[in-house]
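# Report on the structure
Now for the letters of each chain:
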Amino acid sequence: MGKKILVTGGTGYIGSHTVVELINAHHEVVILDNLYNSGISVLDGIRDITGVKPEFHQIDLCDKERLDAFFAGRDDIDSVIHFAAYKAVGESAEKPLMYYHNNLNSTLNLLDAMIRHGISNIVFSSSCTVYGEPDKLPVDEQAPVKEPSSPYGNTKQVNEQMIRFTVEAGHPIRGISLRYFNPIGAHPSAKIGEAPQGIPNNLLPYITQTAFGIREKLKVFGNDYDTPDGTPIRDYINVVDLSKAHVVAIERLIDQKNKKGYEFFNIGTGRGHTVLEVIQAFERATGQKINHQIVARRPGDVEKVYADTTAANQELGWKAEKTLEETLLSAWNWEKAYRQNKNEQ
Ligand code: NAD
Ligand code: UFG
């Protein structure tokens, strides 16, 4: 049996799906989360799917002393997948220091602890937001990192650099940043999924909540972009496919198959869809009509971005597998199961 993998933010949306895939791949997992944006009941969902309830510790990564106390005397962990962060782009523009504080201090404390406790491998959650509005599509990893359009996006750039420079300084750490495109959907069991608090900012939870009758109508932010139907194009990646990319990335580090100490990969499908295409595909997949209305553009939105995934396909041996329709159906099934569960509580 290998050593355990620490998953920070492991009760969150992408973290919980990744924990399931790690357990499915026979890894032992330890979760750290402060439960700022997730609930402890997620552990039951993971247990229902996998038969394993992972070890959990409620710790804030910004609390350096508690983090140190956690690592002290633990020689059973050699790898970390680091999801824990705040992630709302709009909120980060309103409260920049809150985002810098959480998203930078947490990684700083983690890297520091990794060095002191001899933990070698880190996979980090980055975002295609680092490319801004790309000059060339599909965008590959050689594309320049652009001026950040939000404090959130800036924290992703700085986090990547923190890991890269730590590796390059000769510390015994290897790292991979995964630049996610737009993660959507839920586990096909509908036992875990995305549970945003308040009014959702992202397209998919807004669509499923509109279908469920919680929101009256979806506002489509602009139809005057230079795209076939005028609405912006994104690369929507199934969260289970995305989670599997973390399994291969951490195994690459554990098995020391990485060619360089620090690497970064795009994780998307390679295909772009407009907002109207997503609405139509959701209606086809679920039979639910989505009441929607075109409104003004949302400030800060890029026009089109989708991934060149050649590097992830060839180097990691990973490829997105699920169709857009099955992904949208999984999001709808999760929304229904989640609401039913809430009602029963
Ligand atoms: P999420 O909010 O569901 O999960 C993040 C988890 O981290 C939450 O459970 C939260 O409680 C925890 N957390 C936050 N700050 C913490 C701290 N200081 N200490 C301990 N725990 C803390 O978000 P998600 O959608 O699962 O995103 C996971 C990661 O992926 C984030 O780093 C996010 O920025 C990145 N990402 C997400 C998307 C997306 O669209 N969801 C896109 C690109 C990148
Ligand atoms: N959209 C709407 N109406 C809504 C919500 C979204 O029309 O109510 C549109 C947006 O304008 C955009 C598309 O749906 O064209 C996708 O929007 P999301 O908010 O779901 O996703 P973004 O592409 O804006 O943002 C995502 C992640 C960020 C990350 C960014 C990188 O949520 O964390 O990708 O580009 F920084």
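Scroll up for the structure.
Here goes a summary of the coordinates provided. (Residues numbered from 1 in each chain as written. Chains lettered and ligands numbered in written order. Predicted model: local features only at pLDDT ≥ 70, side-chain atom pairs only at ≥ 80, totals over all residues. Heavy atoms only, no water.)

### Looking at the overall build of the protein
Helix and strand content of the protein: eleven helices and 13 strands. Over its C-alpha atoms the protein spans a radius of gyration of 19 Å, differing by no more than 12% from the 20 Å that the globule rule assigns to 345 residues. With respect to the principal axes defined by its C-alpha atoms, the protein has extents near 55 × 50 × 40 Å. A separation of at least 24 residues holds for 79% of the contacts in the protein among residues at least 6 apart in sequence. By element, 48% of the accessible surface of the protein is carried by carbon and sulfur atoms, the whole surface being about 15400 Å². (Helix = DSSP H or I, 4+ residues; strand = E, 2+ residues; numbered from the N terminus. Rg over C-alpha atoms; globule rule 2.2 N^0.38 Å. Contact = heavy atoms within 4.5 Å. Areas by Shrake-Rupley, 256 points an atom, 1.4 Å probe, with all protein chains shown as cover.)

### Thoughts on the site of ligand 2
As a structural note, the neighbourhood of ligand 2 is formed by 19 residues, with Asn202, Lys219, Arg234, Arg298 and Asp301 the closest of them. In this structure, Asn202 approaches ligand 2 through a side-chain N or O atom, which is 2.8 Å from an oxygen atom. Starting from 690 Å² of accessible surface for ligand 2 in isolation, the protein chains cover 89%. For the shell around ligand 2, the element with the most residues is strand β8 (residues 218–221), which contributes four residues. Its residues assigned to classes, the shell around ligand 2 comprises ten nonpolar, five polar and four charged. (Near = heavy atom within 4 Å. Polar contact = N/O pair within 3.5 Å; in protein donor to acceptor, adjacent residues only side chain to side chain. Nonpolar A, V, L, I, M, F, W, Y, C, P; charged D, E, K, R; others polar.)

### Section: the nonpolar core
Nonpolar side chains tend to gather and get buried jointly when the protein is soluble and globular. Leu22, Val123, Leu178, Ile267 and Trp318 are the most contacted members of the largest nonpolar core, which totals 36 residues. Here Ile267 is in contact with Leu178, Arg179, Tyr180, Phe181, Ile237, Leu242, Ala245, Ala312, Leu316 and Trp318, once residues within four sequence places are set aside. Ranked by size, the runner-up nonpolar core spans 23 residues in total, among them Leu32, Val80, Leu110 and Met162. (Core = buried A, V, L, I, M, F, W, Y, C linked by side-chain atoms within 4.5 Å. Buried < 20%, exposed > 50% of the residue type's maximum accessible area, 1.4 Å probe, protein only.)

### Re the pattern of salt bridges
Inspection of the entire model under this criterion finds 25 salt bridges. Between Asp112 and Lys64 there is a salt bridge, with its nearest N and O atoms 2.4 Å apart. One end of the pair, Asp112, is in helix α5 (residues 96–116); the other, Lys64, is in helix α3 (residues 64–71), with 48 residues separating them in the sequence. Judged by its relative accessible area of 35%, Lys64 falls in the partly exposed class. Among the ionic pairs, Asp301 bridges to Arg298, the shortest N-O distance being 3.1 Å. (Salt bridge = Lys/Arg side-chain N within 4 Å of Asp/Glu carboxyl O.)

### Section: the packing of aromatic side chains
Counted by the stated rule, this structure contains seven aromatic pairs. Between the aromatic rings of Tyr262 and Phe264, the centroid separation amounts to 6.0 Å while the plane-to-plane angle is 35 degrees, which identifies the pairing as tilted. Tyr262 gets classed as buried once you look at its relative accessible area, which sits at 10%. Each ring, one from Phe282 and one from Trp332, has its centre 6.2 Å from the other, and the planes form 75 degrees; the classification is edge-to-face. Of this pair, Phe282 sits in helix α9 (residues 275–286) while Trp332 sits in helix α11 (residues 324–344), and the two are 50 residues apart along the sequence. Assigned by exposure class, Phe282 and Trp332 land together as buried. Put simply, the rings of Tyr36, Tyr86 and Tyr99 pair up and form one aromatic cluster. In this arrangement the basic side chain of Arg164 is found over the ring face of Phe165, its NZ or CZ atom lying 4.3 Å from the centre. One residue, Arg297, lies across the ring of Tyr225, its end atom 3.8 Å from the ring centre. (Phe/Tyr/Trp six-rings, centres within 6.5 Å; stacked < 30°, edge-to-face > 60°. Lys NZ or Arg CZ within 6 Å of the ring centre and 35° of its normal.)

### Examining unusual backbone geometry
Note on backbone geometry: most residues besides glycine have negative phi, and most peptide bonds are trans. Here the residue pair Leu137 and Pro138 is connected by a cis peptide bond, since its omega of -10 degrees sits within 30 degrees of zero. Note on placement: Pro138 falls in the loop between β5 (121–127) and α6 (151–168). Its identity is not glycine, yet Ala190 carries a phi of approximately 60 degrees, on the positive side. Mapped onto the elements of the fold, Ala190 is located in the loop between β7 (182–184) and α7 (203–212).

### So, the environment of Ser79
Within the element layout of this structure, Ser79 appears in strand β4 (residues 77–82). The exposure class assigned to Ser79 is buried, which follows from its relative accessible area of 0%. When the C-alpha atoms of Ser79 and Ile5 are compared, they prove to be 5.0 Å apart, with 74 residues separating the residues in sequence. Discounting residues that sit within four places of it in the chain, Ser79 has contacts with Lys4, Ile5, Leu6, Ile119, Asn121, Ile250 and Ile254. At 2.9 Å, the side chain of Ser79 forms a polar contact with the side chain of Asp78.

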